[in-house]
Amino acid sequence: MYDVRIRGRRMLSASLCLLTCAMATARQTAETDSVVSLDDVVVWGSQNGKEIVPSQRLSGKQLEGLSSLSVADAIRYFAGVQLKDYGGVGGLKTVDLRSMGTNHTGVFYDGVQLSNAQNGQIDLGKFSLDNVESISLYYGQKSDICQPAKDYGASGTIYIRTRRPRFKPGKRTNVQVGLKAGSFGLIDPSLRWEQQLSEHVSSTLSAEYMHATGKYKFRYRRVLHDGTTAWDTTATRQNGDIGAVRVEGGLFGRMTDGQWNAKVYFYNSERGIPGAIVNNVWTHGQRQWDRNFFTQGSLKKAWGRYELMVHGKYTCDYLHYLDPDTTRLYIDNVFTQQEAYLSVANHYSLTEGWDVALSVDYQYNTLDADLANFVYPKRHTLLWAIATTYEWGRLRAMASLLGTYVTDKESRHPGRMNETADCTNRLTPAVYLSLHPLRDRALSVRAFYKKAFRMPTFNDLYYTDIGNTALKPEFATQYNLGLHYTKDFRRSWLKHLEAKADGYYNEIDNKIVAIPKGSGQYRWMMMNIGRVKIKGLDVSTQTVWMPAKDWMLALTVNYTYQRAQDYSDPTDNDPEAGTWGGQIAYIPWHSGSAIAGITHRGWGLNYSFIYVGERYHNSSNIRANHEEPWYTHDLSLMRDFNVGGTKATVAIECNNVLNQQYDVVLNYPMPGRNWKMKLKWEF
Amino acid sequence: MGVLKIDTRHPLACVLVMIAMLTLVACRKDVEVFLPETVQVGPQEVIVQPDDEREEGSEAGFKSIQGFYLLNEGNMGSNKATLDYYDYATGTYTRNIYGNANPNVPKEMGDVGNALAIYGERLYAVINCSNKIEVMDRRTARRIGQVEIPNCRYIRFHEGYMYVTSYAGPVAVGTEHKQLGYVAKVDTATLQVVATCLTGYQPDELEIANGKIYVANSGGYLTPNYENTVSVIDLQTFTEEKRITVAKNLHHLRADRHGQLWVNSRGDYYTEPSKLYCIDLRTEQVADSIDVAVSNFHLDGDSLYIYGASWSYLTMEDEVTYGIVDVKKRQLVTTNFITDGTEQSIQKPYGVTVNPLTKDIYVTDAKNYVNPGTLYCFDKEGRKKWSVRTGDIPAHIVFLGEKYE
């Protein structure tokens, strides 16, 4: 492989490897990692012979070059992803994978799922990229079978992996200090300390403080039919401020044929909620305080053909919402969620090409709220999964079956519980196939079928007045057929080429939707009435070029086509304005992204582009609901310096270079051109 | 597929395909001010009241009617309060006339239209979440100005003054952020608030009769401790003189020509159902009640057209009644003024109005609050004449015409 030639050039090597999954294994042998973890191979190296459908992945230099602050900003670059972004540094950001809805996305942080039993949504804007090494996205599930039962449970899965400590020979301590500053009054210092504690154990501590005023200019403009300005107004986004502290600590250990890790995560923030910009209202006063704490641990060990994996987690999330607006309903509510989770996964290799696995997970969730008539729900979830993989020449197959048993308890008075009649007991299967039709394995054909569901959240079921305890789970069925071509080249400028195309058909049944019901004018009720059918195509290519000595160009382009149609109400079938068959809200037909990075010696220049095509904010696809396309161009320039054996990095970013004024969500204006500077010093 | 027919001699192929794909997609264009859409829906009609058929004491007192305006509320935060107009002479319905009449108003009409009225030569629209009352010319819908009143709800007019209910009074002392509501008195000549009078919590509709203002207090922000009173305000002194206890969570009220005031309660959504009450204005006490769920109503002559939805946990559906109450007899005379089965296709009835001259009945369907709604027109026998797509949450209708002096 050609990477052997450039192994000595650390940066090039790193960038290349991070772009190409094929080289993940090579890197681990090339670099002097003290922790060459088995976990790396199984969970993250997608071409290790166990994964049938590889992930989309962002990591290393490419991730750094994206001028993103949070995980949410980076995830936009994946094919098939729509980010619902309410704007600004502190604004809510949730992802929708292949139009299946936010609640069908599973987000895993260092191997354990982040969950939110209250509303099912993970705000990815809260997860800083500062301590993140890679982000991977799988549609369906990771087709590796040595994993917790929860990993089989979502319709699309995002794995966020924090940085692992790696030490150069003779070094026992790595320190990195960083500072980001820029538009929106952003100031964001961070510190990372890695310590080798013993031959087999290392630790990390990562801390970050972020503060931003969240102020930015936005502009709304309308024209007359002849193109002259009808109205044009510019204002400053208010109440988008944020102050957040994140502290994370981790221990990483190795043992014979195994490894373990433990971590603690703490996040504390106060933010303003900027709200919708409507006629005569240009500012809002809502505040939100979040305090998230979790501690988790995992252990993995092999005994010959048998492998055991154990995960455990405790989470406590506190949310305080205040709406002090003196002209509206005064709201001051506190919600506290707790979760305990334990998982045991067993994996056994029956023969060289045939593996089986059994996983059992248990989870307990509670929600406390100071709402009137609240029912204090508690939920027990038991999951089990059996799975097998089989390899037969150039054909590989995986099948899994997940059993989910959920039971809720509720009470009008804390302390006195009544078991509800409803418990959910479901089986959901998945099948993955992949075939290499060519001898050199450059081309693969893969297919999968997967059924999954999401439980109604505590808010759906029990939120005072609107909750509906009769709700059934919401199901997602996916069919995917794709091709994958990857090849490395020796002699041409093009060194690496990877192309993927996946066509898919998804169906969402029993979709949980809020429907106005009852005698009041604004009485809502959650109902299982939605149905969506999605046909889509994701195409992506990744190329790496070396046109001259010391010059490297990496180019990634993604394109997504989605026809996501609403089949909820057969009576609403007016050909012009009916919602029956209409494209669902906020899903563009066409979307895409491009990332181009050039590196030359210590210099790096990165360009990234996001395109979201025309869409409607309602499945009635009429002009009044139409939203224009938006697209942003971001640029960043980076320089590495060697300062007496230590490494310093300076980067300047300009985002939304063309200063496009746009909304992702109706009436939530996004920032125009903005700047950021990053300093980093590693020693 | 082209992307996959790649060989090492043409490594650029896939990149070119990708670029070609990206060129399929469109660029962002300037957004035009929303232009009206006119559709032919009804018959061509000339609606004139012959002098000898003039209804004595009829609230409306119309000599002729040319059309009506419909205010679509728009879901909260969507800024989609829009104004539609139906023209009888041509039988055409025009959606979204505000932008065309007022192309220079930033962010258009506003967020959540809550009430609509014509007084004198002007059209008034209460835009609840934009904290204003939009004042327009009643013929052209051209903007004249606005009255800023936070969280404004309903309006009535009397001798050159507009009376507006608002939820946003001062925070009551000794309570946990409870805010009393108030009625603002606005001079329609200057569009200035000249006086305010405190009421109960979260006052909704108001009615002027007998030299007094009656205000339905809802207490909607105090769940589950709703208000249960009507405030009585003396017009001369503009002070609250008493409260009439009725039922929990009052909403609309309307005076008839027999000295009675009709009030509906929303109930508490748990044990106390929605109901209709009749207050005798001489004794200022509840004189009668009718056991029917009422979400909204419209009074025409002696007929109070009501609709009401009550949630059933058995069917997981709303059970809807479209009824008429004879206010003279204080009796429910029909529970289905829609007679041809059209009620089956109405998902969320949201407004009811009757043309005072033709007696055609208009019912709006707000559906799921985010999809465009529908306006249904029924003849006086309750048979559907036509229906038309509206904006989001079609709700409030006022007739445009000439009145007797």
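Now for a quick tour of the structure. (Residues numbered from 1 in each chain as written. Chains lettered and ligands numbered in written order. Predicted model: local features only at pLDDT ≥ 70, side-chain atom pairs only at ≥ 80, totals over all residues.)

Counting its regular elements, chain A contains six helices and 35 strands. Counting only residues that meet the buried cut, chain A has 49% of its 683 residues in that class. Contacts in chain A between residues at least 24 apart in sequence constitute 62% of all its contacts with a sequence separation of at least 6. (Helix = DSSP H or I, 4+ residues; strand = E, 2+ residues; numbered from the N terminus. Buried ≥ 20, exposed ≤ 12 C-beta atoms within 10 Å, placed from the backbone. Contact = placed C-beta atoms within 7 Å.)

What follows concerns the pairing of strand 17 (residues 239–245) of chain B. All names here are of chain B. As paired elements, strand 16 (residues 229–234) and strand 17 share six bridges and run antiparallel to each other. The residue of strand 17 that forms the bridge with Thr229 is Thr245. Count of turn residues in the strand 16/strand 17 antiparallel hairpin: four residues, of which Phe238 carries a positive phi of about 50°. (Pairing = 2+ DSSP bridges.)

Right, let's get into the nonpolar core. One finds B:Tyr69, B:Ile155, B:Val164, B:Val230 and B:Val263 to be the most contacted residues of the largest nonpolar core, which totals 100 residues. Once residues lying within four places of it in the same chain are set aside, the contact partners of B:Val164 are B:Ile133, B:Ile149, B:Cys152, B:Ile155, B:Val183, B:Ala184 and B:Val186. Judged by nonpolar contacts, the second largest core, of 61 residues, contains A:Phe78, A:Phe108, A:Ile160 and A:Val532. (Core = buried A, V, L, I, M, F, W, Y, C linked by C-beta atoms within 7 Å.)

What follows deals with the interface of chain B and chain A. Taken together, the contacts link 70 residues of chain B with 64 residues of chain A. For the side of chain B that touches chain A, the secondary-structure elements that each account for two or more residues are helix 1 (13–23) and strand 23 (303–312) of chain B. With five residues, the top contributor of residues to the side of chain B that touches chain A is helix 1 of chain B. Partitioning the side of chain B that touches chain A into residue classes produces 37 nonpolar, 21 polar and twelve charged. (Nonpolar A, V, L, I, M, F, W, Y, C, P; charged D, E, K, R; others polar.)

Right, let's talk about the environment of B:Ile208 for a bit. All names here are of chain B. Note on placement: Ile208 falls in strand 14 (residues 203–209). Sequence spacing of Ile208 and Leu253 is 45 residues, and the spatial spacing of their C-alpha atoms is 9.9 Å. Sequence-distant contacts of Ile208, that is, excluding residues within four places in its chain, are made with Arg156, His158, Tyr163 and Ile213.

Right, let's talk about the environment of A:Asp509 for a bit. Residue and element names in this part refer to chain A. On the secondary structure map, Asp509 appears in strand 24 (residues 494–516). With 17 C-beta atoms counted inside 10 Å, the residue Asp509 sits in the partly exposed group. Each C-alpha atom, one on Asp509 and one on Leu63, is 36 Å from the other, the two residues being 446 residues apart in sequence. Excluding residues within four positions of it along the chain, Asp509 makes contact with Phe475 and Arg531.

Our next topic: the sheet that holds strand 7 (residues 122–127) of chain B. Residues and elements named next belong to chain B. The antiparallel open sheet is built from four strands, whose spatial order is 6-7-8-9. The open sheet terminates on both sides in strands that have one partner only, identified here as strand 6 (113–119) and strand 9 (143–148). Recorded for the sheet is a direction-independent mean angle of 20° between the axes of neighbouring strands. Here strand 6 pairs with strand 7 via six bridges, running antiparallel. Bridge pairing in strand 7 places Ile118 opposite Leu123. (Axes fitted to C-alpha atoms, helices over the stretch in contact; angles between N-to-C directions.)

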